[in-house]
Structure formats: C-alpha cells, structure tokens
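Chains, contacts and geometry: an overview
Below, each chain spelled out in residue letters.
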Amino acid sequence: MKARAVKGVRKNITVCPDCDLLLEVSPPRPGYKITCPRCGCILAAPVKDSVEKTMALSLTGLFLFPPAIFLPLLTLDILGLESTGSIYASAKAMVESGFWFTGIAVFVTSILVPFIKLLLLFLVSLQVRLGRSDASTVFMFKTYSRLDEWGMLEVYMIGILVTIIKLLHMAKIEYDMGFFCFIGLLSATLLSSSFLDENYYWNEIHIQLKKKKASKKQGTLLNKRVLKELKSGG
Amino acid sequence: MGDKGKTERPKTGLEAGLMVCHECHKVVGIPSDGSSADCPRCASKVHPRKPNSLMHSWALVITSLILLFPANLLPIMKVEYMGAAEYSTIMDGIIYFFKEGSYGIGIIILVASILVPVFKIIGIMMILISIHFRIDSWLEHKTLMFRFIKFIGRWSMLDIFVIALLTALVDFGFLSTIAAAPAAPFFCGVVIATMLAAEVFDTRLIWDFPNDTICHHCHMNSDKK
C-alpha cells in the first residue's frame, strides 16, 4: 500500500519523516506496509498482537541472555591444550590486553545495549499491555529507539562464524552451550524487534497517558466537591 | 521562477506548517516563529529540520576520514607464536584468506572492513556536497543510498568482534596468543563516527528543493507574501 500525496488539508494527515511529504494515510490492516510514494520510507507496518508477541520474545531473550553471554561459546583444542571463550570474556580480554577503548566498544555493542534493549522492550510492552503507561514508559521507549542501532548481536554472530573458519584448520573446535544459547538470544532479539509496531505502541501510550490525566483531574474535582460538602455540612 | 514552467509538485510538511517528531513520528504544528516545539506525545523537542545537521554530519564524516588512515595502515592484530610476534593489517588478513583459498570469508571481511567504511564515507560526502550545490536530481537514489549506508553501518564492527573473540580463545601462553594491535581503536572510531554521521543527518534536506524559498542554513521558510 502506498500513501497518497494530498493537496488540501484533511483528516489522517501525516508527514513523511524522511522526505517531508504531506500525506494522507488510512489506518492500515495488519500485515500490510504503508510506504511513502516519493521516497519509499515505511510509514506504518502494523503487526497483529504486536504487544503480546514482543513481550513474549523479549522475555525469552532476557532468560537466554546470561547463558548466551557468560557461558563459553567454543572450546578450542590445540594438541591437547584446551581453551574456551565467551562473549563476556572477549570484551574482558580486549580491555585486559590494554585496548580499553576497543574493549568498551565491544562490551557496549554486544552486551550492554542488547541487554538494555531487551529489558526496556519487555518493561514497555508490559506497561502497555497492563494499560499502565506513564512518563517512564515514554522515556524507556524513546531510549529503546535511540539504542536500536547500537546493539550488534547479529554482527557478532557473523564474527563467531568468521572466527570458526579462521581457526578451523589449526585446532579442533567444539561448540558449547553458550553458542546455542547465543543463537536463541539472537533469534529472540531479531524477532522481538520485527514484531514491534512502533506506531501502535506510541498511540497506545498516548491514549493511556491521556486517560490517566483525565482520571487524575476527576479525582481532584471529586475531592474538592467532597471538601465543599464537608465544609457546608459542618 | 517562471510560473509557466512550474510543474505542480506535492506539498511538503514545511509548506503546510507541520513537522514530524523524530522520536515518535507524531505530526506537530510548526510554531509561528518557526522554532522547535515539545512533542505532545513523547515530550522530546521537535524541529522542522534537525538543527545544524549538515555541520554535524560534515564534522563526523571528516573525523572518520582522518581515522580511516591509521585504521587501515597500522596493524590491527598481533599473533604471537612461540614467542615471536607477528603484526598484520586488515589487508594482510584478507590476503591471507585469499591465499588460503577461503574466498568466501575473504570477501566478507574485505566488504565489511574496507569497502563498507570507504563507501559510507564517500556516500555521505556525496550527499552532503550535492546538498551544498543544491543538486535536485537523483533524489530517490540519494535517499536509497543513505538508507543503505545506515543499514550497513554496524557491519564494520565485524573485524573487531573477531579479534576480541580470538583474543579470548587463542590464549595458550607461550605457545600462541592473539591480541589486538594499535589500529583497533582507530577502526572502532571510524565505525562509531560514521554511524553518528548518518544518525545526525536529516534526510529531508535531500528533498528540500533548491528553488524553494527555504533558507539554506536555518531551514526556515522565508516566503512571506
């Protein structure tokens, strides 16, 4: 589906974030994408049951996170000498060999950001699902979108494969538990972000925030009325 | 501009007095003085165009261009075997793979660690220069190229991850160890700087037509009738 360019001002107006084209967009059906007719930017890509799917997958990711990061990925066997390495160990080894900047970059992009992303996504989904969004939800979801690019688990996956091929001819390689957990973690992370319907989340958060404000106002109004009645009564 | 040759083109948000929030994509009205406003949905500052986007992009692209030289010329990996240290640059590693006959992996590393950073820097520079000279052709292609640059940005970290993992795995004391070498932080710097350069760049600038009455520097519509 392509959005239509508009001439007059009507309802359902949106502006393409990539090329600033004024567009009229009808709410799309799940499974369809709406793209900008001029630059091809994806304006909306609704997903059915986005919140539930995203929540389930981010929780799966959180469970798989500790074993995937801390358990050894591979065991290397050279002439009977064995050596193992995990993702955490790779960042640590980098820092310990004196390359603290590179080590921190590895730590941030392959451990810290992926973890924070999963955690934030789970918390936001939970709050949206329960209808309890507040200012913290907005902040968390904004942080999630900001960090999105800086989690690089899939790049690390290819890195593991390159490492295996590099070492294949000089050592015996065994795949350990961490390797399989990492594949699970990677799948959960990729799927959770592909099921994420950002437009729906933002709309839902906005509606819930509005409701909260309205109920708060009602609450204060009620309190005032009760106070007045008490005063007049007393 | 002669009205005769003027083809009708679709309206932009700027002309309609609307801007879109960069965080949550909510449409917000541009205040009368043309400055920023707070997004009613996500409370972030919304600007008609990202402020100083061109300047920031230039600064970061030039930074990455400078870092690119030490990243490629200095050795990036140190292999110690029986006490003898051997340093290799990124190119050495690729040549090694080609000599070994693993062409697939050689090509992956060649693309990820040499072609991608160079393409990213040249690509962003081309887009920035075309905006400076107000070239209004190939708009779609430029946008597509930018999207591609944004997508491939992270894949250059591949070599760094490989070295980090090798450092942890190949640690056999005197027999053999692998460690990073001086180019590694520079290489990280290239990746981070190019990713940031793409991040701060505002793609809408590509589409701001040169015959528009939009100020080139502050992106305000100066058309006051």
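Residues numbered from 1 in each chain as written. Chains lettered and ligands numbered in written order. Predicted model: local features only at pLDDT ≥ 70, side-chain atom pairs only at ≥ 80, totals over all residues.

It is worth spelling out the overall build of chain A at this point. From N to C terminus, chain A includes seven helices and eight strands. Over its C-alpha trace chain A gives a radius of gyration of 25 Å, far above what one expects of a compact globule, namely 17 Å for 234 residues. The principal-axis extents of the C-alpha atoms in chain A amount to approximately 90 × 60 × 30 Å. Here chain A holds 234 residues, and the buried ones make up 39% of them. Taking the intrachain contacts of chain A between residues at least 6 apart in sequence as the baseline, contacts between residues at least 24 apart amount to 59%. (Helix = DSSP H or I, 4+ residues; strand = E, 2+ residues; numbered from the N terminus. Rg over C-alpha atoms; globule rule 2.2 N^0.38 Å. Buried ≥ 20, exposed ≤ 12 C-beta atoms within 10 Å, placed from the backbone. Contact = placed C-beta atoms within 7 Å.)

Bringing the overall build of chain B into the picture now. Along chain B, the regular secondary structure elements total seven helices and seven strands. Reading the helices (α) and strands (β) of chain B from amino to carboxyl end gives β-β-β-β-α-β-β-α-α-α-α-β-α-α. Relative to its 225 residues, chain B shows a buried fraction of 40%.

It is worth spelling out the nonpolar core at this point. Grouped together as the largest cluster of nonpolar side chains are 118 residues, with contacts concentrated most on B:Ile124, B:Ile160, B:Phe161, B:Ile163, B:Ala164, B:Ala184 and B:Phe187. The residues touching B:Ala184, leaving out its near neighbours within four places in the chain, are A:Phe99, A:Thr102, B:Ile76, B:Ile160 and B:Ile163. (Core = buried A, V, L, I, M, F, W, Y, C linked by C-beta atoms within 7 Å.)

All names here are of chain A. Pairing in this open sheet of three strands is antiparallel, and the strands run S7-S6-S8 from one edge to the other. With one partner strand each, in any of the chains shown, strand S7 (81–85) and strand S8 (172–175) form the two edges of the open sheet. Across the sheet, the mean angle from the axis of one strand to that of its neighbour is 20°, orientation sign disregarded. Note: strand S6 (residues 74–78) against S7, five bridges, orientation antiparallel. Of the residues in S7, the one forming a bridge with Asp77 is Glu82. (Pairing = 2+ DSSP bridges. Axes fitted to C-alpha atoms, helices over the stretch in contact; angles between N-to-C directions.)

Let's shift gears to the domain arrangement of chain A. Many authors give the size of an interface as the accessible area that is lost as the parts come together. Under the domain assignment, chain A is made up of domain 1 (1–46) and domain 2 (50–211). Using only C-alpha atoms to locate each centre, domain 1 of chain A and domain 2 of chain A end up separated by 32 Å. (Domains from an automatic or database assignment.)

What follows deals with helix H2 (residues 87–96) of chain A. Counting buried positions over the 10 residues of H2(A) gives seven, a clear majority of the element. Summarising the contacts, the buried residues of H2(A) are in contact with helix H1 (50–70), S7, helix H3 (100–130) and helix H5 (153–167) of chain A together with helix H5 (158–169) and strand S7 (176–180) of chain B. At the exit of H2(A) stands A:Gly98, carrying a positive phi of roughly 100°.

The next point concerns the pairing of strand S5 (residues 77–81) of chain B. Residue and element names in this part refer to chain B. The pairing of S5 with strand S6 (residues 84–88) spans five bridges and is classified as antiparallel. Residue Lys78 lies in a different strand from S6, and its bridge partner there is Tyr87. Between S5 and S6, which pair antiparallel one after the other, the connecting turn spans two residues, and Met82 there sits at a positive phi close to 55°.

Residues and elements named next belong to chain B. Strands sit in the order S6-S5-S7 across an open sheet of three strands; the sheet is antiparallel. One side of each edge strand has no neighbouring strand; the edge strands of this open sheet are S6 and S7. Geometrically, the sheet is characterised by an average inter-axis angle of 20° between neighbouring strands, direction not taken into account. Taken strand by strand, H5 contacts S5 and S7, and its axis lies near 145° from that of S7.

Once the domains are mapped, chain B shows domain 1 (1–49) and domain 2 (51–207). Taking only C-alpha atoms into account, the centre of domain 1 of chain B sits 35 Å from that of domain 2 of chain B.

So, on to the interface of chain A and chain B. With 49 residues of chain A at the contact, the number on the chain B side is 50 residues. Going through the elements one at a time, strand S2 (13–15), S6, S7, H2, H3, helix H4 (135–147), H5 and helix H7 (198–233) of chain A are the ones with two or more residues in the side of chain A that touches chain B. Sorting elements by how many residues they give to the side of chain A that touches chain B places H5(A) first, with eight residues. Residue composition of the side of chain A that touches chain B, by class: 31 nonpolar, 13 polar and five charged. (Nonpolar A, V, L, I, M, F, W, Y, C, P; charged D, E, K, R; others polar.)

Attention now moves to unusual backbone geometry. Residues and elements named next belong to chain B. With phi around 55°, Asn52 is a residue other than glycine that occupies positive phi space. When you line up the elements, Asn52 lands in the loop between strand S4 (45–46) and helix H1 (53–73). Positive phi, normally seen in glycine, also occurs at Met82, with a value near 55°. The topology assignment puts Met82 in the loop between S5 and S6.

Further remarks concern the packing of helix H3 (residues 103–132) of chain B against helix H6 (residues 183–200) of chain B. Residue and element names in this part refer to chain B. At a minimum axis distance of 11 Å, the contact between H3 and H6 shows a crossing angle of 35°. In the packing of H3 onto H6, the handedness of the crossing is left-handed. Side by side, H3 and H6 meet where Pro117, Lys120, Ile121 and Ile124 of the first sit next to Val190, Thr194, Ala197 and Ala198 of the second. By residue class, the composition of the contact of H3 with H6 is six nonpolar, one polar and one charged. (Left-handed = near helix turned anticlockwise from the far one by under 90°.)

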